[in-house]
Amino acid sequence: MFRLFVFAIALAAVGVGQAQPEDTPRIRGAQAGFGGQFRNRHWTPLKVDVENPGAARSGLLVAETEGALSKQRVQFTRPVFLPAQSVRQFEFPILPDLRPSPPGKARFDRVVSVRLTDGGAQAWNQYEAIGSQVAEDAFFLLIADTSFTGYRGLREMTIGAEKRVFARAQVAPKNLPRRPLELRGFDAVVLAGLAETELSPLQARTLRDYVEVGGHLILLPTAAPGISPALAELLPGTFVSTQRVETLPMVAGEFVFTNGVNIARLVPEQGEVSVGTRERPWALTRSAGAGRVTMLAFDAGSEEFNVWPGAKDYWRELLGDAPQFFHHADRLLARAPQTERVLASLSGIKVLSRRGALLYLAGACGALLLVLGAFRFSARPERGWAVAGGLALVTGIGAVTMAARWKSLPEPFLNEVYVTTAQSGEDTARVQAALGLFSPKEGTFHLQTVTDSVSLIPGRSALTPPELVRLDYEARLSVSNLAVRADDLRTLIGRAPQAALRAPLLRTRIGADGLSLVLSNRSDTVLAGPFLKFDRFMVPLPDVAPGAQIERAGLRVNARSDSVELLRSARQQERERLREAFFPAPVYSADLLMSYDERRFQKLLRGREPLPVLFSWSDAPAFPLAGIEPPVARRAVGLLAVEGSVEYAGPTLLLPPGVMPLQLRNLGAHSFERSEGRFAGGRPGQVVVEFSLPPGCPALTAQELTVHFEFRGAAFQPEIYVAAGDFDLQGDLVQLLPRMERISATPPARVPDAGRFLRTGRRSVIVAVNVTHTAEGKRLGTTVNQNLHTWQIRDLDLELKGTTP
């Protein structure tokens, strides 16, 4: 019904334009996305059907929209050739930038206005393309299969502990995108139904690129006939013989599939077994680049499988990975106000550093002393002073003249704020950047990307009327005639693969004494200001020279800081602004005003680091561009993010505070939350959080549980409660608190008999804080200092020591 509604809406779009001769080409239809669905602020295909009843001719398709976030007019163009008396379909990528839809409501919007022109001023026809947007923070699944009946149950559900809204789009395998940009809006792609379809080399390359930049590719047995050799290199195993069975004991327990389910035998090659055994795997998975590939031995997309009552929960668990912030760093840079400040600070006129000034003075003094020394051995040594004085005067006048000329002729710059992401020990990486093009005088520039995997989108602008950005796409994306006003900055947001990077090797280990790490610098540059972040646990590290290795052991105290430097230079100030965009300090005000869209975005897409991540700083430009016309100098400040590995070395494990993922469980506390584990308010209330074992951590039986926190509030007092992770929170929370275990409110608070709350079979612990007035606080009037009417919970965390089974 939904697809029919979308189709009906699309048919209702009416071409607009002036009366034209009958043989004039015209647009018969235009559709954005996949089946009319697209993810907001992500590249998506636009398909345009054009009829030419007259003679053969060339033209230009122009799709134009005004961005709700960027506040700029964006044009997407593609040249077309129209044979005589023909109907052709043209496809090219566009970037929808619409106002977010209200939660829980499907809305159909005008996506772009499409014009067919002669390549000049004459417009033959115009058409309004509409579609249904998927929220920017939703979990978006693309199903590439020949049959969609088995996926009907995948609706009205949420994904992961973050409760991300779920949306799906469907496409026939033969119509899979051939451009890497067009898959960037999907969190996962299901590939099946290749019995009569073989993927083209461009489609296989697009899927490889999608995985390497962070996507999740899921293959079902029906994909086996059409897997090309290029795609097979990416897979963790091979599908072999198929058969039909009535039970799936490792997946569905004792449930009997009346009509049977098709399965294939999986042969592991380079992947890990996630379900089953090495001899009889039911699911294989493999990490590749920043993403991963999963192969299922059973047809989870068939109608027969989805009659199982647990099918929906199985899909929810399969898709339930937490979003990591560095997969969405470009969107954080696009929204963060700190981005433009850093780009603007890089646009200043470059002057000599302290070291350069000292070298200049030392050289000048050395030259004067050399002159005096030379005249000392002459017949008239007193003349040396006159010559030295004249030389000093000429040198000073020349230096001042050159400096004044340098300052009066500033040059344009392409400034760059970026995040480079890589896996530990890899030789390739991904870079996400905000580019700021600064010009001291008005001019236009042309930017050409390196490959078709490079994405560029317009940044924010506050100018009225909106500025124009022209994006062309033929073999690859380019930005043409980008106008920059005098002493102004035009921003673009980009994402691209990056070669020629030797990522550091990071290995971490959690044992009985806490966390230990080994860091090896494989590159030929210094790792500047590195720090480790494992969820909320932070470890600042010293600079690491090329080829050097450092080790740390017994880390069990959360430093909550990312730097060991005490002095703050101008470079440090730029880094602090960038740090604030990704790791913002909480604002402990009683009432924090934030729009629903912004709160939802920051909560879900800032993400977590379920694995330890090493960060370090760089000042070298990293975003790949084939060329900029006219040529400009480049400046940058960037962050390198390297995802490491973690080993859990039992039987006794000590998980330091900050390592366990935290999830807020009661909706009433959303107004109190300032960041993960940090809360503030001006009235009594309850905060309930759930601490879970990290992904990959074995099941534990708790020996010690310690609640860490800092409470501030003269008129309030905290009550701390603990419960097992499966505690039922339905109902009035105040009435449920007496059923929990109350512990000491003096930090750090030890939990008595910790094994009752976390043992084998459970993976989480619930901690509740009940904030109430003190006896004195109840008597305080509103005229008293308002600071007395606020409370803060800082760094609420859980430390766990336990044993494996």
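All residue numbers here refer to positions counted from 1 along the written sequence of the relevant chain. Residues qualify for local features only when their pLDDT is at least 70, as the model is predicted, and side-chain atom pairs are given and counted only at 80 or more; totals for whole chains, interfaces and linings, by contrast, use all residues. Hydrogens and waters are ignored; side-chain quantities use all the structure's heavy atoms.

A. Focus on the overall build of the protein chain. Secondary structure summary: the protein chain contains 13 helices and 46 strands in total. Accessible area is worked out with a 1.4 Å probe on protein chains only. A residue is then buried under 20% of its type maximum, exposed over 50%, and partly exposed in between. Expressed as a percentage of its 805 residues, the buried residues of the protein chain come to 53%. Note on definitions: a residue-residue contact is assigned when non-hydrogen atoms from the two residues lie within 4.5 Å. Excluding contacts between residues fewer than 6 apart, the proportion of contacts in the protein chain whose partners are at least 24 apart in sequence is 73%. For the protein chain, the exposed surface amounts to about 36,000 Å²; the carbon and sulfur share of it is 54%. Helix and strand labels come from DSSP, where a helix needs a run of H or I of at least four residues and a strand needs a run of E of at least two; each type is numbered from the N terminus. Per-residue and other accessible areas follow the Shrake-Rupley method at a 1.4 Å probe size, with only the shown protein chains counted as cover for residues.

B. Looking closely at the sheet that holds strand 30 (residues 537-540). What the eight strands build is an open sheet, ordered 23-26-21-20-34-32-29-30; its pairing is mixed. Pairing within the sheet leaves two strands with one partner each, and these edge strands are strand 23 (455-458) and strand 30. If you compare each strand with its neighbour and ignore which way they point, the axes differ by 20 degrees on average. In this description, strands pair whenever DSSP reports at least two bridges between them. In terms of strand pairing, strand 21 (residues 429-439) meets strand 26 (residues 488-498) through eleven bridges, oriented antiparallel. Across the sheet, residue Ala434 finds its bridge partner in strand 26, namely Ile493. Every angle, taken between N-to-C directions, lies between 0 and 180 degrees, and every axis is a line fitted to C-alpha atoms, over only the stretch in contact when it is a helix. Together, strand 20 (413-423), strand 21, strand 26 and strand 34 (633-643) form the strand contacts of helix 7 (residues 337-345), whose direction differs from that of strand 20 by roughly 125 degrees.

C. Looking closely at the nonpolar core. Core analysis: the biggest nonpolar cluster contains 78 residues, and Leu46, Leu61 and Val114 have the highest contact counts within it. Take this core: its biggest share by element is six residues, from strand 21. Apart from residues no more than four positions distant in its own chain, Val114 is found in contact with Ile27, Ala30, Leu46, Val48, Leu61, Val62, Ala63, Asn125, Gln126, Tyr127 and Ala129. Only buried residues count toward a nonpolar core, which is a set of Ala, Val, Leu, Ile, Met, Phe, Trp, Tyr and Cys residues joined through side-chain atoms within 4.5 Å.

D. Structural context of the packing of aromatic side chains. Each Phe, Tyr or Trp ring, with Trp reduced to its six-membered ring, pairs with another whose centre is within 6.5 Å; inter-plane angles below 30 degrees give stacked pairs, above 60 give edge-to-face pairs, and intermediate values give tilted ones. Evaluation of the coordinates by the stated rule reveals 17 aromatic pairs. When the centroid spacing of 5.6 Å and the interplanar angle of 65 degrees are considered together, the rings of Phe298 and Tyr314 count as edge-to-face. Note that Phe298 is positioned in the loop between strand 19 (291-296) and helix 5 (311-318) and Tyr314 in helix 5, a separation of 16 residues in sequence. Residue classification places Phe298 among the buried positions, given a relative accessible area of 0%. Site record: aromatic cluster; members linked through ring pairs are Phe255, Phe257, Phe298, Phe305, Trp308 and Tyr314. Should the NZ of a Lys or the CZ of an Arg lie within 6 Å of a ring centre and within 35 degrees of the ring normal, that charge is described as sitting over the ring. The positively charged end of Arg280 is found above the aromatic ring belonging to Trp282, 4.7 Å away from the centroid.

E. The arrangement of the sheet that holds strand 40 (residues 685-692) in detail. Strand order in the open sheet formed by five strands is 37-40-45-42-43, and the pairing between neighbours is antiparallel. For this open sheet the edge positions go to strand 37 (662-664) and strand 43 (741-743), each flanked by a neighbour on one side alone. The average undirected angle you get between the axes of adjacent strands in this sheet is 30 degrees.

F. Molecular detail of helix 7. Along helix 7, the residues classified as buried are Gln338, Thr339, Val342 and Leu343. All buried residues of helix 7 fall inside an arc of 135 degrees around its axis, so they share one side. The arc under discussion is defined with respect to the helix axis, by the directions toward the C-beta atoms.

G. Representation of the pairing of strand 6 (residues 73-82) in the model. Examined bridge by bridge, strand 5 (residues 57-66) and strand 6 share ten bridges and lie antiparallel to one another. Note on strand 6: the bridge partner recorded for Ser58 is Phe81. Counted along the chain from strand 5 to the antiparallel partner strand 6, the turn is six residues long, and its residue Lys71 has a positive phi close to 60 degrees.

H. Layout of the confidence of the model for the protein chain. The predicted model of the protein chain has a mean per-residue pLDDT of 84, with 89% of residues at 70 or higher. For every residue, the predictor assigns a confidence score, pLDDT, that lies between 0 and 100. Below a pLDDT of 50 lies the segment residues 1-18, which in the model reaches 21 contacts outside its immediate sequence neighbourhood of four places, other chains included.

I. Local environment of the side chain of Arg575. Topologically, Arg575 is positioned in helix 10 (residues 570-582). For Arg575, the residues in contact, after removing those within four places along its chain, are Ala528, Trp617, Asp619 and Val637.

J. Region of interest: the environment of His789. Summarising the element assignment, His789 is placed in the loop between helix 13 (775-779) and strand 46 (791-803). A relative accessible area of 15% means that His789 is categorised as buried.

K. Geometry of the environment of Leu655. Within the element layout of this structure, Leu655 appears in strand 36 (residues 652-655). Its relative accessible area of 0% is what places Leu655 among the buried residues. With residues up to four places along the chain from it excluded, the contact list for Leu655 reads Ile510, Met660, Leu693, Pro694, Leu700, Leu798, Glu799 and Leu800.

L. Fine view of helix 5. Residues of helix 5 that are buried: Ala311, Tyr314, Trp315 and Leu318. Angularly, the buried residues of helix 5 cover 95 degrees about the axis, an arc narrow enough to put them on a single face. Turning to helix 5, the residues buried within the fold contact strand 13 (188-191), strand 14 (216-219), helix 4 (249-252) and strand 19.

M. Main features of the pattern of salt bridges. Salt-bridge detection follows one rule: a side-chain nitrogen of Lys or Arg within 4 Å of a carboxyl oxygen of Asp or Glu. For the structure shown, the criterion picks out 33 salt bridges. Of the charged contacts, one joins Arg485 and Asp488 as a salt bridge, the two residues approaching to 3.2 Å between their closest N and O atoms. For Asp488, a relative accessible area of 18% translates into the label buried. Among the charged side chains, a network of salt bridges with common partners joins Asp535, Arg536, Arg560, Arg678, Asp795 and Asp797.

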